[in-house]
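Tertiary structure, described
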Amino acid sequence: MVVVGIESTAHTASVGIVDERANVLGLASDMYRPTAGGIHPREAANHHVELLPNLVKTALESAHVRPTEVEGVAFAQGPGLGPCLRAGATVARMLALTWDRPLVPVNHCVAHVEIARVLSGLDDPMLLYASGGNTQVIAYARGRYRVLGETLDIGIGNFLDKLWIELGGTFPGGPALEKEAQAGTELHPLPYSVHGMDVAFSGILTATLALRAKGVSRPDLAYSVEATAYAMLTEITERALAHRRRDTVVLGGGVACNERLRGMVRTMVEGRGGTMYAPPRSLCVDNGAMIAWTGHLALRAGQTSAVEQSAVQPRQRTDLVLTPWRGG
Ligand code: ATP
Ligand code: FE2
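The paragraphs below set out a description of the structure included in this document. Numbers given for residues are sequential positions, taken from 1 along each chain in its written order. Here the convention is simple: chains get letters from A, ligands get numbers from 1, in the order in which they are written. In keeping with the predicted nature of the model, local features appear solely for residues at pLDDT of at least 70, side-chain atom pairs appear and are counted solely at 80 or more, and the whole-chain, interface and lining totals rest on all residues. Excluding hydrogens and water, the side-chain values take into account all heavy atoms of the structure.

Turning our eyes to something else, we now look at helix α1 (residues 41-63). Note that the bend at a residue is defined as the angle between axes fitted to the seven residues ending at it and the seven residues starting at it. Under the scheme used here, helices are H or I runs from DSSP no shorter than 4 residues and strands are E runs no shorter than 2 residues, and both carry numbers assigned from the N terminus. At Leu51, α1 shows its strongest bend, of approximately 40°, with the proline Pro53 following within four residues. Burial classes: relative accessible area under 20% of the type maximum marks a residue as buried, over 50% as exposed, and values in between as partly exposed (1.4 Å probe, protein chains only). Within α1 the residues assigned to the buried category are Ala44, Ala45, His47, His48, Leu52, Leu55, Val56, Ala59, Leu60 and Ala63. Contact criterion: two residues are considered in contact whenever any of their non-hydrogen atoms come within 4.5 Å of each other. Where the residues of α1 are buried, they touch β1 (2-7), β2 (12-19), β3 (24-31), β4 (70-78) and α2 (82-99).

Below, the structure is given as structure tokens:
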């Protein structure tokens, strides 16, 4: 049996079909790309409403799955942009009612954790979750995932996107900045803002734009920004490992696609005698497969929702969600 998972928290509309052993049988995604500036929530939501029905069809067809083989319909309930979340939730409710299957609300951040955890084969790893809106170091303890450290201002991905647009590029900035950084040679000092297990990025943005005004090249800026920001993330992950006496780390979120970040965290973890795992890129970025897999876990733990009680929760926090499948 499979679970269908629907992701629509921000820029990406995605449908995943996953079986009970976490095999991704089908995955169909489409990203809304604004022509200029950042994401407009309404425009993104319109994009999702328009595309989701076809993405469902494509994902089911590529998985060779019929609706009768679907065990449940999972959707990302939060956190995210209200109009975008409602687009995915509406499609999920419609499918659950049409197919007469349970509706399973899933937390988007927990889904990033669970897909990375199952693919890694690691039982109880620390997670560095680095995406557009979120930057958190997470570990499981007593019934839920706990946020040990996080950004004090903006998410790392939103920071990279904003910076890249200020430097004349277009959304998404993270991957473009990664390419640009490959040609960088000189490391310019930027504010290194680590506070215990928390980080802050806005000072780097201001300082980078000041360096740009002084004529520093874009590749050098990209290199300096990556080296500084990813060192900060690596440091708070190491502090969390030492504090919790753990030695395994998994990465999740779109920024976990980045080779420099992967390399820096790997070097740190292996230097401590531990193991690091990063999922394939298609499963680091927002995707319906992680929602479907977490839907399996939630469904088995009895976490289903009546349609009338399935309102989206744009501000739902990782550490407020119960994860009974992980034990008491
Ligand atoms: P969340 O709701 O979990 O915050 P999100 O909506 O930001 O998720 P993701 O797909 O998890 O979506 O992450 C998107 C972010 O990842 C964007 O900010 C993008 O610039 C960044 N990103 C993608 N690829 C790379 C890369 N190679 N290097 C750095 N950043 C990247
Ligand atoms: Fe995400």
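Strand-to-strand pairing in sheets goes through backbone hydrogen bonds, with the strands running parallel or antiparallel. Taking strand neighbours across the sheet as the criterion, the five strands line up as β3-β2-β1-β4-β5 in an open arrangement whose pairing is mixed. Because the sheet does not close on itself, it has two edges, and the strands there are β3 and β5 (103-107). Shown here is a sheet whose adjacent strand axes are inclined to one another by a mean of 20°, direction ignored. A pair of strands is considered paired only if DSSP assigns at least 2 bridges between the two. Here β1 runs beside β4; their pairing, made up of five bridges, is parallel. Across the sheet, Ile6 pairs through a bridge with Phe75, a residue of β4. Only the stretch in contact is used when a helix axis is fitted, and all axes are lines through C-alpha atoms; the angle between N-to-C directions ranges over 0 to 180 degrees.

Turning to the coordination of the iron ion (ligand 2), a few remarks are in order. Here the iron ion (ligand 2) is held by His108 (NE2), His112 (NE2) and Asp286 (OD), and the distances to it run 2.0 to 2.2 Å. If you list the donors of the iron ion (ligand 2) from N- to C-terminus, the spacing comes out as H-x3-H-x173-D. Here His108 pairs with His112, and both are found in helix α3 (residues 108-120), just four residues apart, close to one helical turn. His112 gets classed as buried once you look at its relative accessible area, which sits at 1%. For Na, K and Ca the donor cut-off is 3.2 Å, and for all other metals it is 2.8 Å, counting N, O and S atoms only; because water is absent from this set, sites may look incomplete.

Centres within 6.5 Å are what make two rings of Phe, Tyr or Trp a pair, Trp counting through its six-membered ring; a difference in plane orientation under 30 degrees is then read as stacked, over 60 as edge-to-face, and the rest as tilted. According to the stated counting rule, one finds two aromatic pairs in the structure shown. A centroid spacing of 5.8 Å and a plane angle of 75° characterise the contact between Tyr140 and Tyr145, whose relative ring orientation is edge-to-face. Given the relative accessible area of 10%, Tyr140 is considered buried. Pairing Phe159 with Phe201 gives two aromatic rings, centres 5.3 Å apart and planes at 15°, and the pair type is stacked. Placement of Phe159 in helix α4 (residues 156-166) and of Phe201 in the loop between β10 (198-199) and α6 (202-213) is noted, with a sequence separation of 42 residues between them. The exposure class of Phe201 is buried, given its relative accessible area of 0%. The positively charged end of Arg326 is found above the aromatic ring belonging to Tyr140, 4.3 Å away from the centroid. Any Lys NZ or Arg CZ that is within 6 Å of a ring centre and within 35 degrees of that ring's normal is treated as a charge sitting over the ring.

Let us look at the pairing of strand β8 (residues 144-150). Note: strand β7 (residues 135-141) against β8, six bridges, orientation antiparallel. Across the sheet, Tyr140 pairs through a bridge with Tyr145, a residue of β8. In this structure, the hairpin formed by β7 and β8 is closed by a connection of two residues, where Arg142 is found at a positive phi of approximately 40°.

Roughly 1200 Å³ of internal volume is contained in the largest pocket. In this structure, the largest pocket is lined by 46 residues; those nearest its centre are His11, Ser131, Gly132, Gly133 and Asn158. Looking at the lining of the largest pocket, the elements with two or more residues in it are β3, α3, α4, α5 (173-181) and α9 (281-284). Looking at the lining of the largest pocket element by element, the count peaks at five residues for α4. Cavity means a closed set of points on a 1 Å grid over the protein atoms alone, one where a 1.4 Å probe fits but cannot get out, pocket means an open set with protein on both sides within 12 Å along at least 5 of 7 lines, and lining means a residue has an atom within 4 Å of a point. Grid points are joined across faces, edges and corners, and a volume is the space filled by probe spheres set on the points.

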